[in-house]
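Observations on chain architecture
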Amino acid sequence: MKAVHGLSKRNKSPLRIIAIFLAVIILLLISMFLSISIGSIHISFGTIKQAILNFDGSKEQSIIQSVRLPRLLVTTFVGANLAVAGALMQALTRNPLASPGIFGINAGASAAMVFLTVLVPSVSMIGGVFGAFLGGAFAAVIVYVMSSLIKGGDSDVKLALTGVAIQGMLMSLTQTLLIFNESKTEGVMFWLTGSVIGRDWGHVHVLVPFSIAGLLIAFGLGRASSLLSLGDDVARGLGQRVFAIRAFTAVVVIVLAGVSVAIAGPIGFVGLVVPHMVRYLIGVDYRVVLPMSALLGASLLLLADVLSRFITYPYETPVGAVTALLGTPYFIYLARRKKTERKA
Amino acid sequence: MNKKKIGLLAFITMLAIGMLIGCSSTNKENSADEKSEKTRVVKHELGETKVKENPKRVVVLELGFIDALLDAGIKPVGVADDDKAEQLIDKDVLKEIKGYKSVGTRAQPSLESIKLLKPDLIIADSERHKNVYKELSKIAPTIELKNLNANYDDLLNTELKVGEAVGKKAKVEKVVEEHKQKMKDLKAKAPKNPGNVLVIADANGNINARTSNFFTTGVLEQLGFKNALTDPTKEYSVKMTMEQLVKADPDKLIVMRNEKGHTPLAKQPLWKELKAVKNNQVYEVDVFKWSLRRSVQGANGIADEAEKLLFEGK
Amino acid sequence: MSYMQTVNKTKKQPSRFKSVGLFIILSVLIIALSVISLSLGDINIPPLDIITSFIGIGDPDLTSILVEFRLPRILLAILTGVGLAVSGVVVQSIMRNPLASPDTLGLSSGSGLAAVAVTILLPLASPSVLSAAAFAGGSLVFVIVYLLAYKKGVEPIRFALIGVAVSAFCSSGIHLLISKANPNVNAALIWLSGSLWGRTWDQLIGLLPWVVILVPLIWLLAARLDLIHLGDEVARGLGARVELIRLVLLASAVAMTAAVVSVVGTIGFVGLIIPHVAKRLVGPRHKKLIPIAALLGALFVLGADLIGRGIAPPIEIPAGLIIGIIGAPYFLYLLWRESKK
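Residues numbered from 1 in each chain as written. Chains lettered and ligands numbered in written order. Predicted model: local features only at pLDDT ≥ 70, side-chain atom pairs only at ≥ 80, totals over all residues.

Taking an unreviewed UniProt entry as the reference, chain A is identified by name as Iron complex transport system permease protein belonging to Priestia aryabhattai. Here is the UniProt Subcellular location (unreviewed entry) comment for chain A, exactly as written: "Cell membrane". Database annotation for chain A, UniProt heading Sequence similarities (unreviewed entry): "Belongs to the binding-protein-dependent transport system permease family. FecCD subfamily." (UniProt positions renumbered as here; feature names shortened; annotations may be inferred.)

1. Observations concerning the overall build of chain A
Each helix and strand in chain A was counted, giving 15 helices and 0 strands. By residue count, 55% of the 344 residues in chain A fall in the buried class. For chain A, the share of sequence-separated contacts (at least 6 apart) that also reach a separation of at least 24 residues comes to 79%. (Helix = DSSP H or I, 4+ residues; strand = E, 2+ residues; numbered from the N terminus. Buried ≥ 20, exposed ≤ 12 C-beta atoms within 10 Å, placed from the backbone. Contact = placed C-beta atoms within 7 Å.)

2. Observations regarding the interface of chain A and chain C
Each partner contributes residues to the interface: chain A has 40 residues there, and chain C has 38 residues. Tallying contributions element by element places helix α7 (residues 155-179) of chain A first for the side of chain A that touches chain C, with 16 residues. When its residues are assigned to classes, the side of chain A that touches chain C shows 25 nonpolar, 12 polar and 3 charged. (Nonpolar A, V, L, I, M, F, W, Y, C, P; charged D, E, K, R; others polar.)

3. Thoughts on the interface of chain C and chain B
With 37 residues of chain C at the interface, the matching set in chain B holds 38 residues. Put simply, the parts of the chain that give the side of chain C that touches chain B at least two residues each are α2 (19-39), α4 (60-95), α8 (185-193) and α9 (201-220) of chain C. If one sorts the elements of the side of chain C that touches chain B by residue count, α4(C) sits on top with 9 residues. Across the side of chain C that touches chain B, the residue classes break down as 24 nonpolar, 9 polar and 4 charged.

4. Looking at the sheet that holds strand β3 (residues 58-60) of chain B
All names here are of chain B. Strands sit in the order β5-β4-β3-β6-β7 across an open sheet of 5 strands; the sheet is parallel. Looking at strand neighbours, the two that pair on one side only are β5 (101-102) and β7 (142-145), the edges of this open sheet. Here β3 runs beside strand β4 (residues 78-79); their pairing, made up of 2 bridges, is parallel. Its bridge partner being in β4, V60 is matched across the sheet by V79. Each of β3, β4 and β6 (121-125) touches helix α2 (residues 64-71); the most contacted strand, β3, lies at about 150 degrees to it. Sitting on the sheet, helix α7 (residues 152-165) is in contact with β6 and β7, with an inclination near 170 degrees to β7. (Pairing = 2+ DSSP bridges. Axes fitted to C-alpha atoms, helices over the stretch in contact; angles between N-to-C directions.)

5. Brief notes about the packing of helix α15 (residues 319-337) of chain A against helix α7 (residues 156-179) of chain C
One way to put it is that α15(A) packs onto α7(C) with a least axis distance of 9 Å and a crossing angle of 165 degrees. Classed by the angle they form, the pair α15(A) and α7(C) counts as roughly antiparallel. Handedness of the crossing formed by α15(A) with α7(C): left-handed. Two secondary-structure elements touch here, α15(A) through A:G320, A:A321, A:A324, A:T328, A:F331, A:I332 and A:A335 and α7(C) through C:R158, C:L161, C:I162, C:A165, C:V166, C:A168, C:F169, C:S172, C:H175 and C:L176. For the contact of α15(A) with α7(C), the class distribution of residues is 12 nonpolar, 4 polar and 1 charged. (Parallel < 35°, antiparallel > 145°, perpendicular 65-115°, else oblique. Left-handed = near helix turned anticlockwise from the far one by under 90°.)

6. A short note on the pairing of strand β2 (residues 47-52) of chain B
Consecutive residues of a regular strand have side chains that alternate between opposite faces of the sheet. All names here are of chain B. The pairing of strand β1 (residues 39-44) with β2 spans 6 bridges and is antiparallel. Bridge pairing links R40 to V51 in β2. In sequence, β1 turns back onto β2 through a hairpin of 2 residues.

Pasting the structure below:
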């Protein structure tokens, strides 16, 4: 009961939570607007309003409809997915350093993508996305299974160690393919940094259903995650079927992160930093942490994407580089602030 | 503990002995290398090298050098071909140089293989092989020329240098002069106001546009086609979004591909906003001919194709 | 696991390997592998010819291949393995974290970022500039991580957190630079994988002093290190100057890793895997752990380079890639096999 008491003690007041939610929602809307209006051709608010109310096929509206809108949707959902996946990972492993990458999802998707690019150059977009997703999922499953096969010892350490080993192997494979196929890999290099450039409605149609399903299920896991984050014993003591929940959570993480990486390439830091920010703002009740992570993750990735259009104007920078640029200083700040005893 | 210390000592001793042997043998090697033949000094990207008057056994470490060497009338005895000769070397050229030995990848050619071929001359790429210039020079006189990141002017210079190095300066100068004349003739035949051109590599639906630093755009500029990409940059290729392509709106669009079928870019809704699409001025070409064959012969090939595709009056 | 727990564990199972015997076996293996390495390649040189070459009466071409290309490369592989493995042991001990390695502290990515920046932004720079930049980059990033983690002392967890963050930051920088179209992206990729191609006596002589001086130094401080394992409070009580020793050890490990990386590029995994393997063979006491780890590391890198060179001559696969592709799964296999006991 002390644990539950501790849980509620760390929560901030409901009023504050609602206020923060509103603030983040406003942030999200602003980011969305910026994402649509800014680019090599600036589009004013008036034109956007027109496009929604009275679509007339003009060049600018065409740009909105076929380029900016899908890019907006992809960025929004990828940001939300990664942030939620990261939060779930951190609850699952009780490790503040955890992010979907640890499972090897990024490395698996990258390896699959490069593999396809080299062996099947004419692979379709959908084919590439599915290939990357399968690669990421496959890697994650291998990591999970192998770490369970190793008996004894700290399960977090085993998972991380296995993850690092598998990631290393996949990255080496990827690099081997890249090095020995110089002439074929021009297209994939940008993808490997994590980028939402050129994402169109086809991508959206794949991303959105999986994202919505995954996110809703994740939100449903809110209470269970809070308890898991306190420790397996505590959770068990409070009646949770620990093994089932852990496995289920892992599946949700793989789906959310996997589909995001498959579409946008490996974007880092969102899954790592956003949950920290959210927990700092509203405490450790995952019933609110998860939805808030989705909103904040989406906003931040949108803003990063807008920034990425300016850094080397008129050419674009991969958004993964921008998230790293912004995420690192903040993460370092977090690491210095925290007291070492604090658990996720 | 004693045994361990002895082990460690033995280990270090072995290292030391190895080094001593190494140093002494290297010295012996150098002193035995005095050649009594006539030599010529050739200036190249990394300095000057004394090259034999008439080298017969030449090893080339980048593909563009093959064409230049053949223009000088010499066949290479060794080529760094990534073990992918069929994919990377033109069919006819491959027939001509048959019988050469592969020395490995262009990125990491095998120094041993090169040495075993007992070459008179090594032609290396000044970008890829600058770090092993010293080691290559120990094997044979080495010149380092621009090929990997060569623009149009570099290409011509490289060709001339190769000719100079193998003692066939006049022969190669003739090839270059013929090329320049060809370009002049073609420019005269070209439409007067051809507008601007954008050359893009379409990889998996990504748009990688070539800047003026790239040798293909250099060739086209010689023919009077300006590059639609005017933003200054030091790079040879930049990634573009569909939006930016629409903004650049070139008169003619050249899409380099190495896959069969039509470019997936055509399926994008904004594609039809392009001037070039509306006027039927989009040309899909083979990326090997237009991007990977960096030599005067390659430039000739590009010019020929450009004549076929781009010179028709509107 | 605290030191006392470790000691108890090793007392329960008698050491399977007497460390001295193991040392000799490993040394013999290294010598055998070196001989094989000397004889395999684009042209296979039988051992008899190797001997005649070294005495000085062999075929001059074969001799020069052995002496100019293969021998320095083999010795360099050994030094690399020794340097990286020993650094790994030190870092894992000091950070009390089995996942720590010079890579995760930002060292590899820092060197990588500096090297790739030089390769891509300053293409005319000479190779020694590249090495110097890599060394400086790695050391600088490490210092930055240390300073950022310093808050009335350095706690391992905070150190690790910041190291990972900075590491990821540098990795992004590297990816970004690489994604910018550059004709010679391949060179950067190969450097990032770690390769012994084209390394000869110059590089070997450059690296030798670092390893030969720092490894014994680290080994000597190993006894002190065992005390540190008891945890800060107890060690302080024993009068050991904990922070200072930690700093010297860490600085030595960093310097040695930076030196190795500046010569061969960022080979990963050696610093992570070898300490684990060595620990499971001879236990955590550093007097035995460090020499065994050194030999295992040498064997590992030497083997990887041999495979990379020998699989499809004249094509060479960078040693770092072999280590990643084969080493990582092998590591997992070892973990699994050990756990079944």
